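A structural walkthrough
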Amino acid sequence: MTTDLEALGQAIKRAQYRNHRTMDAALREIGVSLVQWDALRAIERMRGASGHELAVATFQSDQAFGTLASRLVDRGLVARSAGRGRRLEHVLTEAGHTALAEGRQLSIGVLQDLFAPLDEAQRTELLRSLRKLTEDT
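Values in this document were obtained by computation on a predicted structure and should not be read as measured data. All residue numbers refer to positions counted from 1 along the written sequence of the respective chain. This being a predicted model, a pLDDT of at least 70 is required before a residue's local features are given, and a value of 80 or more before pairs of side-chain atoms are given or counted; all residues contribute to the totals for chains, interfaces and linings. The side-chain numbers reported here are obtained from all heavy atoms of the structure, hydrogens and water having been left aside.

**Some thoughts on helix H5 (residues 94-114)**
Under the scheme used here, helices are H or I runs from DSSP no shorter than 4 residues and strands are E runs no shorter than 2 residues, and both carry numbers assigned from the N terminus. A helix is expected to span 1.5 Å multiplied by its residue count minus one. Taking 1.5 Å of rise per residue, the 21 residues of H5 would be expected to cover 30 Å, and the 30 Å separating its terminal C-alpha atoms lies within 8% of that figure. To obtain the bend at a residue, axes are fitted to the seven residues ending there and to the seven starting there, and the angle between these axes is taken. In the structure, H5 departs most strongly from a straight axis at Ser107, where the bend amounts to approximately 25 degrees. Every buried residue of H5 is accounted for by Gly96, Ala99, Leu100, Gly103, Ser107, Val110 and Leu114. Only heavy atoms enter the contact rule, under which two residues are in contact if any of them lie within 4.5 Å. At its buried positions, H5 is contacted by helix H1 (5-27), helix H2 (34-45) and strand E2 (88-92). Only protein chains enter the accessibility calculation, which uses a 1.4 Å probe; a residue whose area is less than 20% of its type maximum is buried, one above 50% is exposed, and one in between is partly exposed.

Right, here's the structure in full:
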């Protein structure tokens, strides 16, 4: 029997869409979008990263991330300062840390619901398989 790869790709996309839609709705409770929260996570995780590196990490173009970062600065969630050369360094403000922590609390329930149909062994195997698919990117 051969796996229908088109169906597999669609199933991954549907799971991702469900996750994004549900996370975005939950995060609205704290006044941030999923895209904004993802940027906050990347900024925290990648201290001293360039805008380009953060754009790559959040699956955005440099221009889109620059616009997003400007909005986060305007909202008081992120501060930017001059780095080496033309590099701008991004750091979370106290409000940014708070939004990130609140988002993490919300995400727990969303992710538990998303993965509820899978037992622990299936979750482990799914994670292993997806990491194998993406380890070169």
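**Examining a nonpolar patch on the surface**
Where nonpolar side chains cluster on the molecular surface, the patch consists of Leu5, Leu8, Ile12, Leu111, Phe115, Leu126, Leu130 and Leu133 and spans about 690 Å² of accessible area. For the nonpolar patch, the secondary structure elements donating two or more residues are H1 and helix H6 (120-134). Looking at the element boundaries, Leu130 is found in helix H6. Within the patch definition used here, like charges are joined within 9 Å and nonpolar side chains (Val, Leu, Ile, Met, Phe, Trp, Tyr) within 5 Å, considering only residues with over 30% relative accessible area and no salt bridge. Per-residue accessibility takes into account occlusion by the displayed protein chains alone, with areas from the Shrake-Rupley method and a 1.4 Å probe. Any Lys or Arg side-chain nitrogen found within 4 Å of a carboxyl oxygen on Asp or Glu counts as a salt bridge.

**What to know about the pattern of salt bridges**
Across all of its chains, the model carries 4 salt bridges by this definition. Close ionic contact of Arg104 with Glu44 constitutes a salt bridge, the shortest N to O distance being 2.8 Å. Placement of Arg104 in helix H5 and of Glu44 in helix H2 is noted, with a sequence separation of 60 residues between them. Judged by its relative accessible area of 37%, Arg104 is partly exposed. Taking relative accessible area as the criterion, Glu44 reaches 26% and is therefore assigned partly exposed.

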